[in-house]
Amino acid sequence: MSSNFSTGLELLVMGMLVVFAVLVLLMYIMKIMSAIVNRARSEANQENKQPLQGVQIVSTAYTSEEELAAVAAVMSKVLPKKGIPVRLNIIEVKN
Amino acid sequence: MSSNFSTGLELLVMGMLVVFAVLVLLMYIMKIMSAIVNRARSEANQENKQPLQGVQIVSTAYTSEEELAAVAAVMSKVLPKKGIPVRLNIIEVKN
Amino acid sequence: MSSNFSTGLELLVMGMLVVFAVLVLLMYIMKIMSAIVNRARSEANQENKQPLQGVQIVSTAYTSEEELAAVAAVMSKVLPKKGIPVRLNIIEVKN
Amino acid sequence: MLESIQELITTTGFSCLTWQQGLMILVSFILIYLAVVKEYEPLLLLPIAFGVLLTNLPLAGLMAEPEEGKVGGLIYYLYQGVKLGIYPPLIFLGVGAMTDFGPLIANPKSILLGAAAQLGIFIAFLGAILLGFDLKEAASIGIIGGADGPTAIFLTSRLAPHLLGAIAIAAYSYMALIPIIQPPIMKLLTTKKERQIVMEQLRPVSKTEKILFPIIVTVVGTLILPDAGPLLGSLMFGNLLRESGVTERLNKTAQNELINIITIFLGLSVGATAKAEVFLTPQTLGIIFMGLFAFAFSTVGGVLFGKIMCKLSGGKINPLIGAAGVSAVPMAARVVQKVGAEEKPGNFLLMHAMGPNVAGVIGSAVAAGVLLARLG
Amino acid sequence: MLESIQELITTTGFSCLTWQQGLMILVSFILIYLAVVKEYEPLLLLPIAFGVLLTNLPLAGLMAEPEEGKVGGLIYYLYQGVKLGIYPPLIFLGVGAMTDFGPLIANPKSILLGAAAQLGIFIAFLGAILLGFDLKEAASIGIIGGADGPTAIFLTSRLAPHLLGAIAIAAYSYMALIPIIQPPIMKLLTTKKERQIVMEQLRPVSKTEKILFPIIVTVVGTLILPDAGPLLGSLMFGNLLRESGVTERLNKTAQNELINIITIFLGLSVGATAKAEVFLTPQTLGIIFMGLFAFAFSTVGGVLFGKIMCKLSGGKINPLIGAAGVSAVPMAARVVQKVGAEEKPGNFLLMHAMGPNVAGVIGSAVAAGVLLARLG
Amino acid sequence: MLESIQELITTTGFSCLTWQQGLMILVSFILIYLAVVKEYEPLLLLPIAFGVLLTNLPLAGLMAEPEEGKVGGLIYYLYQGVKLGIYPPLIFLGVGAMTDFGPLIANPKSILLGAAAQLGIFIAFLGAILLGFDLKEAASIGIIGGADGPTAIFLTSRLAPHLLGAIAIAAYSYMALIPIIQPPIMKLLTTKKERQIVMEQLRPVSKTEKILFPIIVTVVGTLILPDAGPLLGSLMFGNLLRESGVTERLNKTAQNELINIITIFLGLSVGATAKAEVFLTPQTLGIIFMGLFAFAFSTVGGVLFGKIMCKLSGGKINPLIGAAGVSAVPMAARVVQKVGAEEKPGNFLLMHAMGPNVAGVIGSAVAAGVLLARLG
Ligand code: NA
Ligand code: NA
Ligand code: NA
């Protein structure tokens, strides 16, 4: 077990390192990707396509559509109305 | 075959006995279960939850929703209207 | 390969022959079938059932219903209105 | 080139079509006709009929077993789900999700009618033995009287798989013929007065009872008769998905897409077991005959027990509802409704017949368990 | 600790990524681009592309075969449905449920165009032999000219499974390119006058004819050519579920959830056969080249036969509709409509092109049957 | 006759029910209660509970392995999809199709919280070793801290299948208990001021970014850690089906019927591994204890890293959102929203918590990959 414990300790350190390594790398690649995409877009058409604005929430697993609809209705009152279409993917908030 | 026949006869008697035994047992357990549940309910809240009233029919396999809807419409006229919501799971009746 | 080539040549001829043979046979059987069915129908009821009229187009794989609906709407204006119900299974036409 | 054409001709199906296969193709046409035009349980009979057709077209190899270096046929692989006993419980899962056991819970006594109406199973079992079938075959034939397709297919796949085609066809055909088979028997065994009995309205059933019911049936049924476990368990699991109220997604899929997919696979592959050489035997006639026998005696069992309950209850129970105990949900219950309403217009027996009707499903699964336990 | 990190680094995919795998990953990106941006048959090309990507990421083992004490990869198991010939017929079941053969029944002669447009299959078969492919490989390449994904995958899985990836990619890509491949050929082979021919309206088709059609095609097709049975039989069974009117549940599931699930599994696993070592060969270039060749000659066959029929009918048949005989339903029929309407605005050829179009599916299945019978 | 009855009685389940099985049946009742009444992740816990019930009813043989001449039980066959590692990736396919990674793309830094919140996995791994579990068992226990059912089941099926039942039950139960487990830890580790931080609105994310994201994650993740490939690949493939916009049919099926069918099969068969003899051991108590431990430390990891990011960002990041990094989508994000709104009504943290929340799914898959790479 003592050998197991040292393996465990090693995996604890190394595991967290690898998880961070992969996710940090992903973070930078995501940033680069977004930068490229958004520069390309803003160059190509500065006012052509109106991006979806504002709240980007996630509609997730196992959520009934009625719940979504209900929350969407509430949210639409809460959000600032600038006359711009807002797309809502809502997570319902349970109490 | 004569030995088969006696086995068959034996299974006829025993089979029906076992089927009845299992189902009679189920019947009593169902009765006990219902008694407990309903006593618990009536104790807990005597007028809190209004149980679904009346007709308890089965909507079963391979039945189109339109048919159900049609029959439900007819049924709703047939049934006594006591102002209580009635839930109908209808079996359509074929001629 | 030269033996392969002669097999290939043979299969080219024989393959096309068989394909034609099967489909020609199908064609004749279809004709016979339709003749029988339609004679039977016209004998049985000459004005009882009004067959679906006119355009018989195919609604096929992987087509969104919205597209179908849109094209159907357009088509319904194009087609001659004789007061007879026309069933449209539309293929949307892409540009 | 000419050789090549000649070779191809000798490998056409025509050239080696036996008259037996030709006859089976005709049988498949008749079954398609019954399914499509007469609407005999088309959801199963049409796939079964097409399976019969495909398996009897020579050389197509749709039921071919895999050989060294050669894969098997499509339906051979689909058939594994029957052979391994996977499809029938999954069908039962969907049936459970579609069934409301409320009427049975409201009137627990009606479960006894679902027991009595298994009589035909055992009577036909005995009859089939007399006709010379061995015990396992006879049990598979008897189960036709359970009027439950998945149960019949499940038991037969374990006891006598070579009879699958004939038994499934008989079972589904007679189920479709319930409106013709049952009424004469029902009228013969009951008096006009009995048939006119109006029954009391059923009490409402609470959600809690509906949730507890499938759990109780699973535990009690399987503890007493473990061999009934796969069928009862899956039926009741489907019902729990339905009644729990918290698994709507699963309930919906179980009673729609899952059961539909399995139905296609099951029907095709059960039909495909009906090859000419195993189907065109005197046995098949025996099966068809004893199947009718089974249905009739199940009806007799149910109605007679209905009369007993009528007597014991002081005339409060209409004995017609016993006929619904054969299951064949909901066809048999509709027949009861129709026969009852003919005698006394406005008499609404349907909901009272649903109790024995759904009980019959449980009863047949238990009967299958008994047969499996002794002969499996 | 350091060793451990070092060990982990040596087991990363980066450390053993070959340039070939890198290239294949690029290929998968191109395919994803074609599927998502160019919308080249995305329902199949996107899963195929992702399968190509996953299989070429080193060490992920998604296609790994099971070994002693170690289970296989996910896609290895999904792939069994391709290897055993299960998925393509199930896809065809759904396609049959989605297809209305009415236009073909209304105009039975148009089935001949569906025969003529198989020319490319056999021409490309010969061409592939000349390029040095063996007979089984050449047949699999030729079938690309059938313009039918499931047929191509079914035949290739039986004759030359190592070419599955390339052939499926070629087949679906060229199907998407039909609007670019066909019009020049159509215009080259026809006169302006021919292209302007307006055809008579099709007669209505009764429900009975539509129900009998799949049964007839199954019986006749399979009796003549048993090897076409699995494809024809499942296509026609799906169509019978559609037309019978009594199995709506099954029809709906066959053309939606079932085909969708199988499409995901099929696409992923066909794509995953395209490992760098088998894909990055001169053979693939040959396949891509001969695939185009096959599509072109199928179009030629259809259009030329259309011209013959035009002559024989006294100018009543617009030869353009012959191009739709390649199948690629409904893309090819749309192309006919478009080319026809360009020449004569308002000329509505679509419904006339649907006859050859759906006939082409039958024609390709028959052609595949011939190839299987001789080489399988 | 009497013998026969006697024989039947000795083959009832009652006669050989052990007290351990009786206890397990009670456990299944408790789980059903938690699923149905308390709504603890009922979509999985109810099937699991029913699997526990069925597997502990003696002699029913639903998990029986096939023997010479006797087929196996239903759940034995369903279980193969777990054993072969097929179901969890297919569930992930559906989860990917249901997940919007937009909030993560809008705020890439939040992915770090999804890394930090894997701390509990490795801490509990160490803890389980101290409790005497071997390395593979300990890793399977640790993964409970990933708060991801499919990941936990996938890893456990590879490393310690005998613990599947206990680990799945612990994982889903604690996921349901997130609203109880997390808030005290979140409040303990943060100041009131920190909890009141209002975050800037997220930028909009373009469709192109959403399409590129799953491709990038698949390639990078699998290249670095091939063992994470099956989970990451299928999660991201599902997401690509969703975001591509050209495969709506497949997307819809992946996130509905396919995931529902697999969920039924997975739940039942994972539950059925919990036989009395393997479940009623001190190990199970250890698993339940260490599972809670794992959840707690994952929360700690996330929140503490949130505090670091809060500092580094000059107070722009509310550390509460770190708690969402455990995944348990979307439950953990809701908890963040609730705790945040309690401190400062109207503070809408939900969308900011979704970034770490979905990142946590990726993080757990990567952590599972590390464990598989070292111990698999
Ligand atoms: Na029954
Ligand atoms: Na074709
Ligand atoms: Na996680």
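Our subject is the structure listed above.
Residues numbered from 1 in each chain as written. Chains lettered and ligands numbered in written order. Predicted model: local features only at pLDDT ≥ 70, side-chain atom pairs only at ≥ 80, totals over all residues. Heavy atoms only, no water.

Draft legend 1. Region of interest: the overall build of chain A. Helix and strand counts for chain A stand at two helices and zero strands. Scored against the burial criterion, the 95 residues of chain A give a buried share of 41%. The long-range share in chain A, meaning contacts at least 24 apart out of those at least 6 apart in sequence, stands at 59%. For chain A, the computed accessible surface area is about 5,600 Å², with 59% contributed by carbon and sulfur atoms. (Helix = DSSP H or I, 4+ residues; strand = E, 2+ residues; numbered from the N terminus. Buried < 20%, exposed > 50% of the residue type's maximum accessible area, 1.4 Å probe, protein only. Contact = heavy atoms within 4.5 Å. Areas by Shrake-Rupley, 256 points an atom, 1.4 Å probe, with all protein chains shown as cover.)

Draft legend 2. View of a nonpolar patch on the surface. All names here are of chain D. Taken together, the side chains of W19, L23, L26, F29 and L280 define a hydrophobic patch exposed on the protein surface, amounting to about 490 Å² of accessible area. Locating W19 in the fold gives a position in helix α2 (residues 19–36). With a relative accessible area of 63%, W19 lands in the exposed category. (Patch = residues over 30% accessible without salt bridge, like charges linked within 9 Å, V, L, I, M, F, W, Y side chains within 5 Å. Salt bridge = Lys/Arg side-chain N within 4 Å of Asp/Glu carboxyl O.)

Draft legend 3. Molecular detail of the nonpolar core. Grouped together as the largest cluster of nonpolar side chains are 532 residues, with contacts concentrated most on F213(D), I362(D), F213(E), I362(E), F213(F) and I362(F). Setting aside chain neighbours within four positions, we find I362(F) in contact with L23(A), L26(A), F101(F), L104(F), F213(F), V217(F), L232(F), L235(F) and M236(F). (Core = buried A, V, L, I, M, F, W, Y, C linked by side-chain atoms within 4.5 Å.)

Draft legend 4. Geometry of the coordination of the sodium ion (ligand 1). Protein ligation of the sodium ion (ligand 1) involves G146(D) (O), V326(D) (O), S327(D) (OG), G360(D) (O) and S364(D) (OG), the donor distances falling in the range 2.0 to 2.8 Å. Residue S364(D) is classed as buried on the basis of its relative accessible area of 0%. (Donors = N, O, S within 2.8 Å, 3.2 Å for Na, K, Ca; no water.)

Draft legend 5. Seen up close, the coordination of the sodium ion (ligand 2). All names here are of chain E. Around the sodium ion (ligand 2), the protein contributes the donor atoms G146 (O), V326 (O), S327 (OG), G360 (O) and S364 (OG), at 2.0 to 2.8 Å from the metal centre. Considered as a linear motif, the donors of the sodium ion (ligand 2) on their single chain read G-x179-V-S-x32-G-x3-S. Remark: V326 occurs in the loop between α17 (282–312) and α18 (331–343) and G146 occurs in the loop between α9 (135–142) and α10 (149–159); sequence separation between them is 180 residues. By the burial criterion, G146 is buried, and V326 matches it.

Draft legend 6. Summary view of empty space enclosed by the protein. Taken as a whole and judged by the stated rule, the model has nine cavities of 30 Å³ or more. Forming the boundary of the largest cavity are 13 residues, of which L74(D), L268(D), L93(E), S234(E) and F237(E) lie nearest the centre. Among the elements of the structure, α4 (74–83) and α15 (248–271) of chain D together with α5 (87–98) and α14 (229–243) of chain E are those that each provide at least two residues to the lining of the largest cavity. Of the residues in the lining of the largest cavity, the class split is eleven nonpolar, two polar and no charged. (1 Å grid on protein atoms, 1.4 Å probe; cavity = no way out; pocket = protein on both sides within 12 Å on 5 of 7 lines; lining within 4 Å. Points joined across faces, edges and corners; volume = space filled by probe spheres on them. Nonpolar A, V, L, I, M, F, W, Y, C, P; charged D, E, K, R; others polar.)

Draft legend 7. Representation of the packing of aromatic side chains in the model. Counted by the stated rule, this structure contains 24 aromatic pairs over all chains. Here Y87(F) and F265(F) contribute two aromatic rings whose centre-to-centre distance is 6.3 Å and whose plane-to-plane angle is 50°, an arrangement assigned as tilted. Placement of the pair is Y87(F) in helix α5 (residues 87–98) and F265(F) in helix α16 (residues 248–272), with a sequence separation of 178 residues. The same class applies to Y87(F) and to F265(F), which are both buried. The rings of F289(D), F293(D) and F297(D) are connected pair by pair, giving a single aromatic cluster. (Phe/Tyr/Trp six-rings, centres within 6.5 Å; stacked < 30°, edge-to-face > 60°.)

Draft legend 8. Expanded view of the interface of chain B and chain D. Every contact between the two is made by 49 residues of chain B and, on the other side, 65 residues of chain D. Where chain B abuts chain D, roughly 5,000 Å² becomes buried across the two surfaces, and 78% of that area is made up of carbon and sulfur atoms. The interface formed by chain B and chain D includes one salt bridge. With a closest N to O distance of 2.5 Å, R374(D) and E10(B) form a salt bridge. The tally of links from chain B across to chain D stands at three residue pairs in polar contact (both at pLDDT 80 or more). Here the residues of the side of chain B that touches chain D are counted per class, giving 29 nonpolar, 14 polar and six charged. (Buried area = accessible area lost by both parts, 1.4 Å probe. Polar contact = N/O pair within 3.5 Å; in protein donor to acceptor, adjacent residues only side chain to side chain.)

Draft legend 9. Local environment of the interface of chain E and chain A. Opposite the four residues of chain E that make contact, chain A presents five residues. Carbon and sulfur atoms supply 85% of the area that chain E and chain A bury against each other, a total of about 430 Å² over both sides. For the pair chain E and chain A, the interface holds zero salt bridges. Put simply, chain E and chain A have zero residue pairs in polar contact (both at pLDDT 80 or more) between them. When grouped by side-chain class, the residues that make up the side of chain E that touches chain A number three nonpolar, one polar and no charged.

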